[in-house]
Amino acid sequence: MASYAAAWKAAEAVVNLTVVDKVPADMLHMVDSHWYQFPPMNPLWHAMLGWAIFFLCLISVIGNGMVVYIFTNTRTLRTPSNLLVVNLAFSDFLMMFTMGPPMVINCYYETWVFGAFACEVYGMFGSLFGCVSIWTMTMIAFDRYNVIVKGLSAKPLTNNGALVQIFGVWFASLGWTLAPFFGWNRYVPEGNMSACGTDYLTDTMLSRSYILVYSMFVYFAPLLLIIYSYIFIIKAVSAHEKNMREQAKKMNVASLRSQETQSTSTEMKLAKVALVTISLWFMAWTPYLIINYTGIFKAAPITPLATIWGSLFAKANAVYNPIVYGISHPKYRAALYQKFPALSCSDSVEDTQSMASAETTVAEKTAA
């Protein structure tokens, strides 16, 4: 390995190559002059990135496809809140289904080979599906807030309400991600030349403003709204548990566990699952945000190798959700066992409380 790397560096010294040399001539107008200062990346990096994306794509397509299939074909899982879960899995499925194979092929050729328009569409798809995912997670957090914090006073989520939210998320996301096609920023090859994304190097206020405004819409606003929701969720559950302990102490019993408290416990478990999923989302997209902000503010030099990690972390996000739900969702595991016994984890069939349901039926019965 060391001798191969030394030979590659020696070859670079003899021939003045750049990372842009393999880019097709009809795409050179899309490549910023910043990238011409860097030599070609070691082919091993392209190979490792290609294989990593291949396995991530395989896991994501299968995992999210199974989530969509099981949630839509299991009667007990067809609840309004689970429509949001299905939308999240569908968005992640589309991200890797449309973006994984092209990137694997480009890593093989060590540059973008599908032309300028395909590069723009590729960048738009990544932005669109990422935006849909985070705002769907925000809607899930709001649903948990509605059920746990407001309780019986909350207006239950209906199928029509969930569909309106999903339509709104897709419509708004599509509007933001189509803007670069009309001159507000643009989609260009990234430094590794095997993927495409937003232009964070063009030194104009129009280009920079898109990155700033879009990051507010797709990163900071959802983050603040989710933090707000979970702060009140944690406060509500903590207050409820404290009251239950005090009541149990007054009655001289170990604990008070009714159907209502079991329901609250289940809802809190789902809140934890959603919080983990959302945390993983921000871990995945934060490197990409840092790269974009570093570019527009010229805070530090960006290398082609650094853009590899942005692409890899962002696409890895599409793998997390089916794994998280598969591990922690009792009804999903039960349905998975019935439909695909060889692929499921064992689970107690007695646990029939759906952790992804926003219905307050149990609480309503208790109140009645």
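One can find the structure itself at the top, above this paragraph.
What counts as what
Residues numbered from 1 in each chain as written. Predicted model: local features only at pLDDT ≥ 70, side-chain atom pairs only at ≥ 80, totals over all residues. Heavy atoms only, no water. Helix = DSSP H or I, 4+ residues; strand = E, 2+ residues; numbered from the N terminus. Phe/Tyr/Trp six-rings, centres within 6.5 Å; stacked < 30°, edge-to-face > 60°. Buried < 20%, exposed > 50% of the residue type's maximum accessible area, 1.4 Å probe, protein only. Lys NZ or Arg CZ within 6 Å of the ring centre and 35° of its normal. Disulfide = S-S within 2.5 Å.

A. Just unusual backbone geometry, in detail. Residue E110 is not a glycine yet carries a positive backbone phi of 65°. Looking at the element boundaries, E110 is found in the loop between helix 3 (80-109) and helix 4 (116-150).

B. Just the packing of aromatic side chains, in detail. In the structure shown here, the tally under the stated rule is 27 aromatic pairs. Measuring from centroid to centroid gives 5.5 Å for F93 and F97, while their planes differ by 10°, and the two rings are stacked. Of this pair, F93 and F97 both sit in helix 3, 4 residues apart, which is roughly one turn of that helix. Owing to a relative accessible area of 21%, F93 belongs among the partly exposed residues under this scheme. Three or more aromatic residues joined by ring pairs form one cluster here, namely W135, W176, W184, Y210, Y214 and F217. The aromatic ring of F232 is capped on one face by K235, whose charged end is 5.5 Å from the ring centroid.

C. Focus on the state of the cysteines. For the coordinates displayed, the defined rule picks out 1 disulfide. A sulfur-sulfur distance of 2.0 Å marks the disulfide that ties C119 to C196. With the S-S bond torsion at -115°, the cross-link from C119 to C196 turns out left-handed. Within this pair, whereas C119 is found in helix 4, its partner C196 is found in strand 2 (residues 196-198), the two being separated by 77 residues in sequence. Comparing C119 with C196, the two get one shared label, buried.

Everything listed here is a matter of coordinates, which is why it stays silent on function.
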